[in-house]
Amino acid sequence: MNAAVSGYALLLAVTGRATLAFLSPSPIGISTNMRAASGSDNSNNDSKVGRHIVVVGGGIQGTSCAFHLHQSSHLTPGSTITILESQKLASAASGKGGGFMARSWGDGTDTQTLHELAFDMYESLSVELNVESYRKLPVISVAPGPKSNEKQDNKKKNPQLAGIIPNWLDGSVGRLSPMGWGEDTAQVTPKEFVDKMMEYVNQPGKEPGVKIVIGKCTGIESVEDGDGDKVVTGVKYHNGQEESILLADDVIVAAGPWACQAEQWFDNAVKLPMEGIKSTSIVWKPPLDDDGNVNIDAVEATALFCGEDSRFGTHLLPHSIRKVEVYPRPDGTVYICGIGGSDYITTAQLQASAFLEDCPPKSDRVAAASSAFQMMSNSYATKGELSHAQACMRPCPPDAKPYMGQVAGWKGAYINAGHNCWGIAWAPACGKAIAELVLEGRCRSVNLEPFDPARFTSSRERGGRGRKKGSANVGEQW
Ligand SMILES: Cc1cc2nc3c(=O)[nH]c(=O)nc-3n(C[C@H](O)[C@H](O)[C@H](O)COP(=O)(O)OP(=O)(O)OC[C@H]3O[C@@H](n4cnc5c(N)ncnc54)[C@H](O)[C@@H]3O)c2cc1C
């Protein structure tokens, strides 16, 4: 820690409370050799003093937090919101995931509210933010058919589903069954949603918006208060050239699978076991009409969930295929994931930033998924062209529940990560929930108790002096 920040730490430690002001004209990038004046009291969410909030991670979860903080009537004047992103916005799963959502597909347990609230929020936010890739669409379950390259009239063969069988599903398929008729299932292209949220909060003339700083978070600065708690004072980052500090009253770690790096940032006061499931996905180009123009209308909107496909030799890797998910998008492209051969990346690897800068797809998966798709779609077998292949990681805590809440023993420290295979679908609800927690001191929209970031942390290891269970005050423990 540099001398200036140490001085600031000392000031807070002595007074326990101070007012944040910046000597820099912009409250954002403070190089370690610049001097910070003072800081606000993180423990007082009703403070009328502007808060300086840093979100680590610019995926859909981080940007959603920033968006809802910005939109909240509880954000006090003079506050700043900064996203610290190591690569670029939506560079990981939030730019490469499918974007499928389903209001009633939850299992009725703790995450059900996230499905429902977020689904309804997407519908209204997409209008407000002018998101063109959002739409409701039906879903069909497809069993693999015989190995054949013949064109098939599947609408005629399945008259009861003819209205939702897409025109491009004209190859070999087995049994078709409806999974949704387009009322409670929808899609969005997540990168567009991220970009539109940031455009909305950064409209010219609507200052202050959300500032984006490119740099890799390397630690959290803090001081200790009279309760024995740590109080966040800043976020350390490296921009490739030098280390700097963003002054902060609050930090929200929303770094997807890499959020487990925060164990170290918070002095191991919280354990964040995480597995990154790294999977390949492919995108097909939109078809062209006879004049060579993109023909979006040729791609009817129905999503497919395909059964395990042994036509490519389940036991003969690399040609086996798991459960392909096919999402035609409103821009005429077709996105395909769920193609098997995923790699399981450990917490230790993620803490060492595995696949943060580069996450290459697997060519054998691209070949297998392309074959499977072209067998069910004669249109794409005869005229389709692959646009690109990519890979990204699902962030998976051991119990498949996200980490959402305050870090025990730390004032101004929050986690919002580990949303598994529903991180896009849940993003508006999670962003709203975390914004409420940070700005109002409690979350009104979602019961966060099951998502306590400290649920894998023994009480002995938790930060502070044991007065808190997650963000709930439980009094003295001894
Ligand atoms: C193939 C695939 C398909 C999917 N399909 C769907 C779907 O259809 N529907 C759905 O709801 N979900 C889907 N998901 C899951 C979804 O994509 C994720 O749950 C979601 O994108 C996670 O968002 P995030 O913002 O938490 O993390 P990420 O998108 O991973 O973003 C984390 C960000 O943090 C940044 N970062 C990391 N470390 C640091 C650091 N030290 N400092 C600064 N920045 C840092 C990264 O650069 C990254 O931009 C899919 C996932 C995969 C892999």
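Residues numbered from 1 in each chain as written. Predicted model: local features only at pLDDT ≥ 70, side-chain atom pairs only at ≥ 80, totals over all residues. Heavy atoms only, no water.

### Describing the pairing of strand β12 (residues 243-247)
- Along β12, four of the five residues are buried, which leaves the element largely enclosed by surrounding structure.
- Of the pairings in the sheet, the one linking strand β11 (residues 230-238) to β12 comprises five bridges and is antiparallel in character. Within β12, the residue paired with Y237 across the bridge is S244.
- As consecutive antiparallel partners, β11 and β12 are separated by four residues, and within that stretch G240 has a phi angle of approximately 100 degrees, a positive value. (Buried < 20%, exposed > 50% of the residue type's maximum accessible area, 1.4 Å probe, protein only. Helix = DSSP H or I, 4+ residues; strand = E, 2+ residues; numbered from the N terminus. Pairing = 2+ DSSP bridges.)

### Focus on the sheet that holds strand β22 (residues 413-417)
- With mixed pairing, the six strands of this open sheet are ordered in space as β9-β3-β2-β13-β22-β20. The two strands at the open ends of the sheet, each matched to only one other strand, are β9 (210-214) and β20 (403-406). Strand-to-strand twist across the sheet, computed as the mean angle between neighbouring axes with direction ignored, equals 20 degrees.
- As defined by bridge partners, strand β3 (residues 80-85) adjoins β9 across five bridges and the pair is classed as parallel. By the bridge assignment for β9, L84 is matched with V213.
- The sheet contacts of helix α2 (residues 60-71) involve β2 (52-56), β3, β9, β13 (250-253) and β22, and relative to β3 the element is tilted by about 175 degrees.
- Sitting on the sheet, helix α11 (residues 427-440) is in contact with β2, β13, β20 and β22, with an inclination near 15 degrees to β20. (Axes fitted to C-alpha atoms, helices over the stretch in contact; angles between N-to-C directions. Contact = heavy atoms within 4.5 Å.)

### Looking at the site of the ligand
- As a structural note, the neighbourhood of the ligand is formed by 39 residues, with E85, S94, F100, N420 and A425 the closest of them.
- Between F100 and the ligand, the recorded distance is 2.8 Å, taken from a backbone N or O atom to an oxygen atom.
- In the model, an oxygen atom of the ligand is placed 3.1 Å from a nitrogen or oxygen of the I424 main chain.
- For the ligand, whose accessible area on its own is 1000 Å², the fraction buried by protein is 97%.
- Taken together, the elements giving at least two residues each to the shell around the ligand come down to α2, β3, α3 (93-96), β10 (216-224), β17 (334-337) and β19 (386-396).
- Here the shell around the ligand gets four residues from one element, more than from any other, and that element is β19.
- Of the residues contributing to the shell around the ligand, the split by class is 21 nonpolar, 15 polar and three charged.
- Shared between two domains, the shell around the ligand holds at least three residues of each, these being domain 1 (3-95 + 190-272 + 399-473) and domain 2 (138-181 + 275-396). (Near = heavy atom within 4 Å. Polar contact = N/O pair within 3.5 Å; in protein donor to acceptor, adjacent residues only side chain to side chain. Areas by Shrake-Rupley, 256 points an atom, 1.4 Å probe, with all protein chains shown as cover. Nonpolar A, V, L, I, M, F, W, Y, C, P; charged D, E, K, R; others polar. Domains from an automatic or database assignment.)

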